[in-house]
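Spelled out from the first residue to the last, the chains are:
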Amino acid sequence: MKLLIVEDDTYQARWALSSLSGELAGVTVQTISTEYTFRSEFEKIAAECPQVVIIDIMLRWTEPTRDMVLPPPEIRREGAMKAGLRCAKMLTQDQRTKGCFILLYSVLDRSSMVDDLRALGPNVLFLQKSVDHDALAKTVRFLLQLPAGTSLGNAKVFVVHGRDGESRETVARFLQRLGLEPILLFEQSRGGGLTVIEKLESHADVPCAVVLLTPDDSGALKGDILKSRARQNVIFELGYFVGKIGRKNVYALYKDEVELPSDYHGVLYIRFDSEGAWRLQLAGQLKAAGLPIDLNSVL
Amino acid sequence: MEAISATCTRIEQLIYRYLLYSSSTNFAGASKRVVRASDIIRSLERIAADFRVLSGLERGLEIDVNDRTGPDLRDAELSADEVALEQAVFNLVDNAVKYSFRDSKVGIFFELSPEREIVIRVTNTGLAMTTQDIEASQERGWRSAAAAATVASGQGIGLWIARLAASAHGGQLKISPTDLEGVTSVALLLPLVDPQQ
């Protein structure tokens, strides 16, 4: 089994490797530090077909050397900010490597490249770089244990949310720590003239959905005292996913103040408590749904 | 860890100064005080030590500080904003390190010019600077094609900030084109305080 790391920062590569040391028994590791080397050695990479490829997105083209080759005009136009995406594209387009699990590991904001990520297909995951590389280690462990040929489409979880950005980010980060890719509708492309429902449909091919019920709205029966409720779009999307993937695969995280929608029996409601007990409950449900999660990573 | 911490502090100060500059042109004038040459040499030593740890060792670079002024200049004084000056030198060394060939030398020289200016000169052997490059480098944000190909994250403001700091000290930034031996030299020239005044 082989792991390829494409990272131009030697220290980052070393730290990442040290954080992965517990996951790499029997795994051969190769490190490449420039886009030029990646392209030059692509035939060899493709022939060996690594199980997992970790790619930094912002990569330099080459090292400064006396005989360095400058990038061709089209690469110069796109620049270093898309270097890792170009490398990932080469892997996904080659018959020998299209089944590799590719982990784009970057400090860049995922929302700035959603179209590129979608075009790369389901076996390309994005993970935000973090100082402790903890999520990286967990994700690589998850990918290394998958049988070759597995589609990573299963590793995505749709997150339905309202206006509470902090809660949304907390849940998204937690899912990433579990090695899953949260799909947030607001991060998806606004282009292509898609309506909200069309965008929802185009991203709804997921095994599970997490619905955040946060008190963003007020509402009541006519004449009653107003109560805190989730946004109407949240309730709509909750119903959409219950219909689409089944109520057992929809998990509603609710804040204390929010009024829970009635008549959704069978949907699991988990209290989104400040102590964080929801994490273990949610992870347990996701594991029970068949997603390969190491529950130790929650603790 | 100290090198990382020092670099973070420099970046923080740079951001502060950049913000300051965006609202006025007083980049380095507000915090000037009389500084001894020996203090500047110590600052150069610190910068060199940080770069050895941060990237020099990794790429087999030798980074040395050479004091060519002699002991008589140690007490010489200049009016300087130490933070701005250190930032300027840091930028010059950063460029020299980033664009050097592996296993080459980066020199930091502390000299006195015939016009009695302090000269902080940084030399390296790496990507070449032509006279056209030097002309183009006056522009904020300029990066040569080779520089952009070898360092992904540069913004092309290092030389511009160094030039700004030099001029705020009544001095100048002087870049010499790469010589036949492949050495590029970039120098900050800073006037001494006249002891008669």
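Residues numbered from 1 in each chain as written. Chains lettered and ligands numbered in written order. Predicted model: local features only at pLDDT ≥ 70, side-chain atom pairs only at ≥ 80, totals over all residues. Heavy atoms only, no water.

Student: I'd like to hear about helix α11 (residues 277–288) of chain A, residue by residue, with values.
Tutor: Residue and element names in this part refer to chain A. Taking 1.5 Å of rise per residue, 12 residues should cover 16 Å, and α11 covers 17 Å from first to last C-alpha, within 8% of that figure. Within the span of α11, buried status applies to W278, L282, A283 and L286. One face of α11 carries all of its buried residues, which in axial projection span an arc of 125°. Looking at the buried residues of α11, the elements they touch are β6 (156–160), α8 (165–177), β8 (208–213), β11 (250–254) and β12 (268–271). In the stretch just after α11, G290 is the one whose phi turns positive, near 105°. (Helix = DSSP H or I, 4+ residues; strand = E, 2+ residues; numbered from the N terminus. Expected span 1.5 Å × (residues − 1). Buried < 20%, exposed > 50% of the residue type's maximum accessible area, 1.4 Å probe, protein only. Arc of directions from axis to C-beta. Contact = heavy atoms within 4.5 Å.)

Student: Tell me about the sheet that holds β6(A), and please be specific about residues and values.
Tutor: Residue and element names in this part refer to chain A. If you trace the five strands from one edge of the open sheet to the other, you get β7-β6-β8-β11-β12, paired in parallel fashion. One side of each edge strand has no neighbouring strand; the edge strands of this open sheet are β7 (181–184) and β12. The sheet shows a mean angle of 30° between the axes of neighbouring strands, direction not considered. Looking at chain direction, β8 and β11 are connected through five bridges and run parallel. The residue bridging L212 from the neighbouring strand is L253, located in β11. Across the sheet, α8 lies against β6, β7, β8 and β11, angled at about 150° from β7, the strand it touches most. Along the sheet face, helix α10 (residues 232–245) touches β6, β8 and β11 and points at about 160° away from the line of β8. (Pairing = 2+ DSSP bridges. Axes fitted to C-alpha atoms, helices over the stretch in contact; angles between N-to-C directions.)

Student: Any details on the sheet that holds strand β4 (residues 105–112) of chain B? Residues and values, ideally.
Tutor: Residues and elements named next belong to chain B. Taken in spatial order, the five strands of this open sheet run β2-β4-β5-β7-β6, and their pairing is mixed. The open sheet has two edge strands, β2 (62–67) and β6 (172–176), and neither has a second partner. On average, adjacent strands in this sheet sit at an angle of 15° to one another, irrespective of strand direction. Helix α6 (residues 158–168) rests against β6 and β7 (183–191) of the sheet, and its axis sits at about 135° to β6.

Student: Which residues make up the packing of aromatic side chains, and what are the values?
Tutor: Residues and elements named next belong to chain A. Tallying each qualifying case throughout the model produces nine aromatic pairs over all chains. With a centroid separation of 6.1 Å and 40° between ring planes, the pair formed by Y11 and W15 is classed as tilted. Pair noted here: Y11 and W15 are both in helix α1 (residues 10–20), with a separation of four residues, about one helical turn. Residue W15 is classed as partly exposed on the basis of its relative accessible area, which comes to 44%. Pairing Y240 with F241 gives two aromatic rings, centres 5.3 Å apart and planes at 90°, and the pair type is edge-to-face. Among the aromatic residues, those joined into a ring-pair cluster are F158, Y240 and F241. (Phe/Tyr/Trp six-rings, centres within 6.5 Å; stacked < 30°, edge-to-face > 60°.)

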